[in-house]
Amino acid sequence: MKSTKQLLQSERDLLLNWTRDHPAPLLRWLRDADLVSPALYQSLLEKSPTNAVAQALETVCASEESSQTFLEVLHEVQDYYCKDLQLWVERHCGARTEQSKRPAAVQIQDKEELKPMKSVKLANMRVPIAAHKTTLLKRTEKLKCYSEGEGEASNSASHIEIRYTDLFVTEDNELVDSNQHEYFDLAGRRACIYVHQACQRIQPCHLLSAQGASGRPPKRVKVKGIAGIGKSVAVQRLVYEWAIGKSLREFTCVFDLRFRELNRIEAPLSLLDLLLERSLYLKTVLPDLLASPSSLLFILDGLDEFKFNLGWNAPDGNINVDSKVPVAKIIVALIKGSLLPEASVILTMRPSTEAPKRFFQRCCVVLGFEENQVKEYTSKFYKDPEVAAKVFDYILNNDNLFVLSFIPLYCYIICTAMGDFFSSGDGHRHHFKSLELHPPRTVSEVYFCYLFTSVKHHALKGRTERSTPRAEVLLFVREQLSSLGKLAYENLLKKKIMFDRVDLEKYGVTPTDVHSTFLSQFLQPLNGEQVEMFSFFHLTVQEHLAALYCAINLNSQLDIIGSLDYWCYGKHPQSSSASLLISKHLDMTDLESLQMFTRFFMGLLRARLAGQLKGLVLTPVEQSESLPATLGQWFQGKFKGRKLENQAALNLLHCLMELHMEDATRIAAPEIKRLNLFKMKLNVVDCAAMHYVLQFSPHALEELNLGYSNIGNRGLQRLGPILHRCESLYLRYNCLDWQAAILESAVLKSDECLVKKLFMCGNNLGPTGVGELWSALEGNSTVEELYLDITGISELGTENMVDCLSKNTSLKTLTIVGNDIGEEGQRRLKELERRRPGLRIIGNVVDDLGLLQAYMDWAEELRVDRDQMEAVKNADALQSVLCGLRVARERGGGENAAKAQELETKILQLLQTSPDSAGGR
C-alpha cells in the first residue's frame, strides 16, 4: 500500500484539476493547519489559481506527516469541490477523516439560543449549502479597487486576505445625533475617544459574541458609521469568513442582503421569494432552513441607501415567511423580530439613518482605523516595504493626511495618490515631472493627485506614457471630467447620490473609461432582467468632482465671489454666468452639507491659478493677478466686527488654508478678534487651520474659546505658536495632560505673552503639570485670572506654589476647586493668602456665591446636553465637586449652605443617570 505522500504525488494532476478553479478554501485551511506558512500563503494568493495549488501541493507533500494532515484538510473542504473529489476523499481517507478531527465549532454558552437543527437533516443540505458558500466566496474574496474602474484589477493585492485591515469598532451610546457633514461628525466622535479611556474595542467577527452578565449573545446588532469608514468591507469579511468555514460556525446559513439591491423590488413578495430570487441553489432546502431560524444569520448592509420608507411605529401585523408584502415590511419585521425572532440580524447604516435603539441588543459605531492600523494598511497596500515605510512616515508627519487616514477609504485614496511620489527608479522621476507637484499636503491636493493618478494609470491605461505632461493628460479627458463634474455638482445640490442610465445620458456620461474610474455600477437581476444603478464610490469623490467642475467653469472674479456667497450663505449671485451654477433644489437651511465641497473648491481654485489645471481650462481667470486680494477682501468681510463661532467659522478657516495664498490670508486674518469653537469636537487639522490663518494676524486675539473641544496634546501643540497672543484662552476639558501644561508654561514665559485669562479646568495636568505652571507664573506679568478646577492637583502639586506665586504681581484670581490637595495643601493656600493679600483664592466651590452659581449652571447644561456629559472625565469631575461639597458641609457649610445643598442634589441626579456614574472616565 502506498504511503500518503506517494499517493498524493501520484494523484497530483487529478487533485490539481479538481481544485484549481476555486483554490481559496483549500489554501486557507492549509494555512490554518500550519501546512503553509503565513508568508507563503500571502504569496500563493497573488499567484494564478493553478500555480497557487501546484505550489501548495508541492509544499504539503514534503513529508508523510504533512501529507496525512493534508488529507484531513481535504476532507474538511471537500464540499466546496466536485463530486469526483468527494468520492476520491471517501475512497482514500478512511478513518483519518473522522468527524472528531474537525476543529471545534464556536462555543455558545446558551445552547438553547442556537440549538442544533432538529427538523433538518444536515446531510441533505451539504450540496446546496456548499454551493451557497462557494458563490459567496467568489463574491467576497476581492476588495474593490475603485481606481481600476470596471476592468480587471491590476493590483493582485486586492484579495481580501491580503488587503483587509481590522477596524476600530466600539459600543455606541447614541446620546448624540448630528446633522452636520458626516466627516465632521466622525471627527467629533473620534475626538471623544482617548487612550486613557477604558473604551471597548470590538472586532467585527465578535459582534454576535455573548455580552453582559447574562452571557447571552445578542440577536439584533446595529453597526453605524459614515460612508467610507469600512462597514461594507467589514461585512464582506464576515461573510467571507463564514463561507470559508472559519467564523460564525454556529450558523448553518448566512444571507447577505444589500439595500442597494433591494431598492429594485417594487412588487410585494415573501421572504421566501426574496431569498430564492438570490439563492436559487437553496431552493430545495430553504423551507427547512427557515423552519429552524436560530441557525440563520441575516446581514443587512447599507440601510441608508434604502429608498423605501420604514414604518418603525406601524403595527407589526401577522407576517410569516410566506406572506407577500412590500420589501420594506419584510426588513422591518426581521429587524424588530416579529418575523423569525430566533434568527440573528446584523444591520449596517450611516449615522443619519433612523433605526430605533429599542430593537437592538447591541449598538456599535465604526470609528475607522487607529494609528497602528493605518500603518498595517499602508504596509499591505504597497508590495515594496521601503515605499510603505516612506508613505506612512509622510502621513504621520502631515496633520491633514494623518487625520484623513483614519477613514479607510481616505487611506486608500491617500495610498493611491502617494505611491508614485515615493517609488524608486526612473519611472518615478518621469511621473513626478508629469504631476509637477510636490507630495500632497492639503485635502484638495490629495484628491487631485488621486484623480490624476487614477485617470493616467487606469482610465487611460495604454494611451499615455509615464512621462506624458499633466496638461496633455488632462486635455485628453477634459470632456469626460467636465460632464462627470456637472453630474456631480448639480446632483450634490439636490443631495442625490444614486443615478440610473437616464440620469447619466442627460449629462452625456457613459459608464466607461474615465467615468468607470469614479462611478460604481450595480447590476441587479430583477424579473429576469439586468437593472443598472450608478453612484460615485464615495460622497467626497462626488464633492471633489463637483468642485473641479466649478473651478474650471468660473472665469471671472465676480462669478467666483458670487458663487461663494451662494454656497456658504445661500445668497444668489447677480452675475448671469454664475447663475448657471444655481439650483432651485438647494436647501438653504442645510448649507453646512456643502462645506467639504467649498474646501475642495478653494484648493482647486489655487491649483487653477498656479497653472496646475492646464488642459482642463483653456482660458485664465479674468484679472487673475488681483484675485487673491479680492478673495482676501471677501473673507475680511465675513470676519469683520463679528464674533466667529462654530462650524461656519471653522469652515472659513479651512477654506483659507486650502486656498493657501498668503496675500489673501494677510488681508483677512487681522479682522479675527474673537473665535468661539466651544463644544465643537476638533481634530489636529482643525487646529492646523486655526494656526495657518491666525499666524498672519499681528493683533491680539481677544478670545479663543476651545472649551470641550477635545483637541488633546497634539492639537494644542499645533496651536502653540499663536497661543501667546490670546488674551482669554479657554482650554477646559480638552484631554490635556502634564505635557500640555509644559507647552502652556512656555507660552506664559514668552516675552510676547498677552494672556490675561487662562481656563484649564477639567484637564489631567497632575502635580507635574501644575508645578510647571506655578514656575511659569513666577515671572509672568500678564495673567490676571487662572482657573485650575478639577485638574488632578494633589498635595505634591502645591510644593512650589507659594514660592512662585508670591513673586507674581499680576495674578488676581486663582480657582482650584475639585482638587484633593490634602491638609498640607490647604495650609499652603492659607500661607499664599497671607503673602499675597490681593490674590483671591477659591479652593472650594462653596467659598464663592458667584462660582457656586456657575457650577449650578454647569450642572444644568450637563442635564440637557448629554454630549457635554460624555466629555472626558465629566463623571470624575462631578465626583470631585461632590467631594468638595461634602467636605464643606461637614465643616458647617456657611452662608451658602442652601445653595450648596441644591448643587449637591443636582450632581447626585446627574451621576445616577450617567452611564459612567462610577467615575470610570
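Presented here is an overview of the structure given in this document. Each chain carries its own residue numbering, running from 1 in the written order of its sequence. With pLDDT at 70 or above as the cut-off, local features in this predicted model cover only qualifying residues; side-chain atom pairs require 80 or more to be listed or tallied, and sums for whole chains, interfaces and linings still use all residues. Side-chain numbers here rest on the full set of heavy atoms in the structure, without hydrogens or water.

1. Quick notes on the overall build of the chain
Helix and strand content of the chain: 41 helices and 16 strands. Buried positions account for 59% of the 921 residues belonging to the chain. Working definition of accessibility: Shrake-Rupley area with a 1.4 Å probe, residue cover restricted to the visible protein chains. Summed over its atoms, the accessible surface of the chain is roughly 38,300 Å², and 49% of this surface lies on carbon and sulfur atoms. A run of H or I in DSSP counts as a helix once it spans at least four residues, and a run of E counts as a strand once it spans at least two, with each numbered from the N terminus. Summary of the burial criterion: residues with accessible area below 20% of their type's maximum are buried, those above 50% are exposed, and those between are partly exposed, where the area comes from a 1.4 Å probe applied to protein chains only.

2. Focus: the sheet that holds strand β13 (residues 757-759)
Strand pairing requires that DSSP identify at least two bridges connecting the strands. Here eight strands make up an open sheet; going across it, the order is β9-β10-β11-β12-β13-β14-β15-β16 and the pairing parallel. The open sheet has two edge strands, β9 (643-645) and β16 (840-842), and neither has a second partner. Ignoring which end each strand starts from, the neighbouring axes of this sheet average 10° apart. Summarising the sheet, strand β11 (residues 701-705) and strand β12 (residues 726-730) pair through four bridges and their orientation is parallel. Looking across to β12, one finds that glutamate 703 is bridged to serine 728. Only C-alpha atoms enter the line fits that serve as axes; for helices the fit covers just the stretch in contact. Angles between N-to-C directions range over 0 to 180 degrees.

3. Observations concerning the sheet that holds strand β1 (residues 169-171)
Pairing is mixed in the open sheet, where six strands are placed in the order β1-β6-β2-β5-β4-β3. Whereas interior strands pair on both sides, the edge strands pair on one side only; in this sheet they are β1 and β3 (253-258). Between one strand and the next, the sheet's axes are offset by a mean angle of 20°, whatever the strand orientation. Pairing between strand β2 (residues 220-224) and strand β5 (residues 344-349): five bridges, direction parallel. Looking across to β5, one finds that valine 223 is bridged to threonine 348. Two residues qualify as a contact provided that any one of their heavy atoms is within 4.5 Å of a heavy atom in the partner residue. Packing against the sheet, helix α13 (residues 271-278) makes contact with β3 and β4 (296-301), and its axis sits at approximately 90° to β3. Taken strand by strand, helix α15 (residues 327-336) contacts β2, β4 and β5, and its axis lies near 125° from that of β4.

4. Here's the deal with unusual backbone geometry
One non-glycine residue, histidine 660, lies in the positive phi region at around 50°. Inspection of the secondary structure puts histidine 660 in the loop between α30 (646-659) and α31 (662-668). By relative accessible area, which is 32% here, histidine 660 ends up partly exposed. Non-glycine residue isoleucine 790 carries a positive phi angle of around 50°. With respect to the helices and strands, the residue isoleucine 790 is situated in the loop between β14 (785-787) and α36 (801-807).

5. Observations regarding the environment of lysine 47
By the secondary structure assignment, lysine 47 is in the loop between α4 (38-45) and α5 (49-60). Excluding residues within four positions of it along the chain, lysine 47 makes contact with Ala52 and Gln55.

6. A few points about the packing of aromatic side chains
Between rings of Phe, Tyr and Trp, where Trp is taken as its six-membered ring, a pair exists when centres lie within 6.5 Å; planes separated by under 30 degrees are stacked, by over 60 edge-to-face, and by other angles tilted. The final tally for this structure, using the stated rule, is 29 aromatic pairs. With a centroid separation of 5.0 Å and 75° between ring planes, the pair formed by phenylalanine 402 and phenylalanine 406 is classed as edge-to-face. Centroid distance tryptophan 567 to phenylalanine 601: 4.9 Å. Interplanar angle 70°. Geometry classified as edge-to-face. Linking tryptophan 567 in helix α27 (residues 557-569) with phenylalanine 601 in helix α28 (residues 595-609), this pair joins segments that are 34 residues apart in sequence.

7. Thoughts on helix α16 (residues 371-381)
Residues lying three or four places apart along an α-helix face the same way, a consequence of the helix completing one turn every 3.6 residues. For α16, the set of buried residues is Gln373, Val374, Tyr377, Thr378 and Phe381. Down the axis, α16 shows its buried residues gathered within 140° of arc, on one side only. In this structure, α16 carries Asn372 and Lys375 as exposed residues pointing more than 90 degrees from its buried face. The inward-facing, buried residues of α16 abut α9 (160-163), α17 (385-396) and α19 (408-422). As used here, the arc is the angular range of directions from the helix axis to the C-beta atoms.

8. Some details on the side chain of glutamate 141
Take glutamate 141: it is sitting in the loop between α8 (122-140) and α9. Just so you know, the count uses Lys and Arg for positive and Asp and Glu for negative, and it drops His and the chain ends. We define a salt bridge as a contact between a side-chain nitrogen of Lys or Arg and a carboxyl oxygen of Asp or Glu at a distance within 4 Å. No salt bridge is formed by the buried glutamate 141, whose closest oppositely charged neighbour, lysine 142, lies at an N-O distance of 6.0 Å. Every residue in contact with glutamate 141, bar those within four places of it in the chain, is listed here: Ala24, Ser158, His159, Ile160 and Tyr240.

9. Looking at the side chain of aspartate 686
Structurally, aspartate 686 can be placed in helix α32 (residues 684-694). Contacts of aspartate 686, omitting those with residues within four sequence positions, involve Leu650, His654 and Lys681.

10. A short note on the nonpolar core
Take the buried residues of types Ala, Val, Leu, Ile, Met, Phe, Trp, Tyr and Cys, join any two whose side-chain atoms come within 4.5 Å, and each joined set is a nonpolar core. Trp567, Phe601 and Leu788 are the most contacted members of the largest nonpolar core, which totals 228 residues. A per-element tally of this core places α19 first, with eleven residues. In terms of nonpolar packing, the next biggest core, distinct from the first, is built from 46 residues, Cys253, Leu276, Leu286 and Val332 among them.

11. Examining the environment of glutamate 904
Positionally, glutamate 904 belongs in helix α41 (residues 897-913). Each C-alpha atom, one on glutamate 904 and one on cysteine 883, is 9.4 Å from the other, the two residues being 21 residues apart in sequence. Discounting chain neighbours no more than four positions away, the residues touching glutamate 904 are Leu882, Leu885, Arg886 and Arg889.

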